[in-house]
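# Survey of secondary and tertiary structure
Here are the chains, one letter per residue:
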Amino acid sequence: MANDKNEKSRKARIIRILLIFGMIILVLAYQNYKPSSNNINDEDTLHLVEEETSTQPSYGEIPEETLYVYMIDVGQGDSFLFVQGNETALIDCGTKGTVKNVIECLNTIGITKLDYVIGTHQHDDHIGGMYDIISNFEIGEIIMPTINPELVTSNWYMSLLKKINDDNIEVIHPEIGDIFLLGIARMKVVGQLTPDEAGNNINNYSTVIKVSLGEMDILMTGDAEKQVERSILQSKENIDSEILKVGHHGSDSSTTKEFLEAVNPEYGLISCKIGNRYNHPTKETMDKLEDAGVVIYRTDECGTVAIKITATDIYFNATPGDYLSGPELEEGD
């Protein structure tokens, strides 16, 4: 559950000021985490850093049961790797052109098997790279929403479906309330419209998943727009989370004030490309996040971001980003 947001926001702002004045970032010692099935090499993993707050434990007190999250820089797209124990989940795969970044990240960490490959919805900036992921890694299950087949007839998607069938990979079409275990973490489906409800808007087929470890939660939203957010709010599902994957790359089609208040996040993650033609993230959304005191990490500024989550604490390997919209950030470059 999220703690007092105002107090945490105050601390976050203090952290950023100290960073601006050149405060040395403490680098976490490499973890003893080496899952047997994936043979992860700590020497090659992305370094994780500790935020300077009085509530953080010393290194020796950090429990071994941790959840690692990587927001992989795939430009204007999404790809997030979750690792807990020796189990792995990849939520979205980037595009056909940027999946090489995902493969490189997984290879660097030492991943050989993905227990879950989750496609939040059938847009190519989210699952265009799935064919290459299936071709390069051992796959447990694929999770993708049911969609009206007339909406996606692209060659890349037809090839993906054939590849899944030829490789005899199990495909699960999730429903609200479904829970998938990832080691000691759990992934719960908290939002999912039916094809009748989503209609012709592929973004609104997005599967929304709350990933939890101990008291820490991260809400993964895909490109879910306001209609999905309203549906989740009406369901009274508890979506209170420390981390919010900001919907639709920070578009103004998502992140309503009511939804943001219900999630009540400390941190926000935005995956987008600098200079993208959609102007993501939008000023409207960034203003909401700033007003709510949400500390932002974004690939267009930070590149790939590594996160370490314990049962009670969260660590990042990057300096927080700005609250600038996409065009404002490009203008300042």
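Predicted, not measured: the structure shown is a model, and the values here were computed from it.

Let us now look at the overall build of the protein chain. Helix and strand counts for the protein chain come out as eleven helices and 17 strands. The buried share of the protein chain, reckoned over its 333 residues, is 56%. In the protein chain, the proportion of contacts linking residues at least 24 apart, taken out of those at least 6 apart, comes to 70%.

On to the pattern of salt bridges, then. Scanning the model with the defined rule gives eleven salt bridges in all. The partner of aspartate 166 in a salt bridge is lysine 162, with the nearest N and O atoms 2.7 Å apart. With aspartate 166 and lysine 162 both in helix α5 (residues 155–166), this residue pair falls four residues apart, about one helical turn. A residue is classified by how much of its surface remains accessible, and aspartate 166, at 48% relative accessible area, is partly exposed. Note that arginine 298 is salt-bridged to aspartate 300, the shortest N-O span being 2.7 Å. Overall, arginine 298 belongs to the buried group, its relative accessible area being 0%.

This part covers the sheet that holds strand β15 (residues 295–298). Taken together, seven strands build an open sheet; the order of strands is β9-β10-β11-β12-β13-β14-β15 and the sheet is mixed. Strands with a single pairing partner mark the edges of an open sheet, and in this sheet they are β9 (179–182) and β15. Recorded for the sheet is a direction-independent mean angle of 20 degrees between the axes of neighbouring strands.

Take the confidence of the model for the protein chain next. It should be kept in mind that the predicted coordinates are not to be read in detail where pLDDT is low. Summary statistics for the protein chain give a mean pLDDT of 86 and a share of 80% for residues scoring 70 or more. A low-confidence stretch, residues 8–36 (pLDDT under 50), is modelled with 57 contacts involving residues beyond four sequence positions or located in other chains. Contacts for the low-pLDDT stretch residues 41–63, under 50 throughout, to residues beyond four places or in other chains number 70 contacts.

A few words on the nonpolar core. By size, the foremost hydrophobic cluster in this structure holds 56 residues, and its most contacted members are Leu81, Leu114, Met130, Ile133, Ile139 and Ile142. Take this core: its biggest share by element is six residues, from helix α2 (residues 99–109). Setting aside chain neighbours within four positions, we find isoleucine 139 in contact with Leu114, Val117, Ile133, Ile134 and Ile169. Core analysis: the second largest hydrophobic core is formed by 33 residues, Leu213, Met216, Ile307 and Ile314 among them.

Rules used throughout
- Residues numbered from 1 in each chain as written.
- Predicted model: local features only at pLDDT ≥ 70, side-chain atom pairs only at ≥ 80, totals over all residues.
- Heavy atoms only, no water.
- Helix = DSSP H or I, 4+ residues; strand = E, 2+ residues; numbered from the N terminus.
- Buried < 20%, exposed > 50% of the residue type's maximum accessible area, 1.4 Å probe, protein only.
- Contact = heavy atoms within 4.5 Å.
- Salt bridge = Lys/Arg side-chain N within 4 Å of Asp/Glu carboxyl O.
- Pairing = 2+ DSSP bridges.
- Axes fitted to C-alpha atoms, helices over the stretch in contact; angles between N-to-C directions.
- pLDDT = per-residue confidence, 0-100.
- Core = buried A, V, L, I, M, F, W, Y, C linked by side-chain atoms within 4.5 Å.

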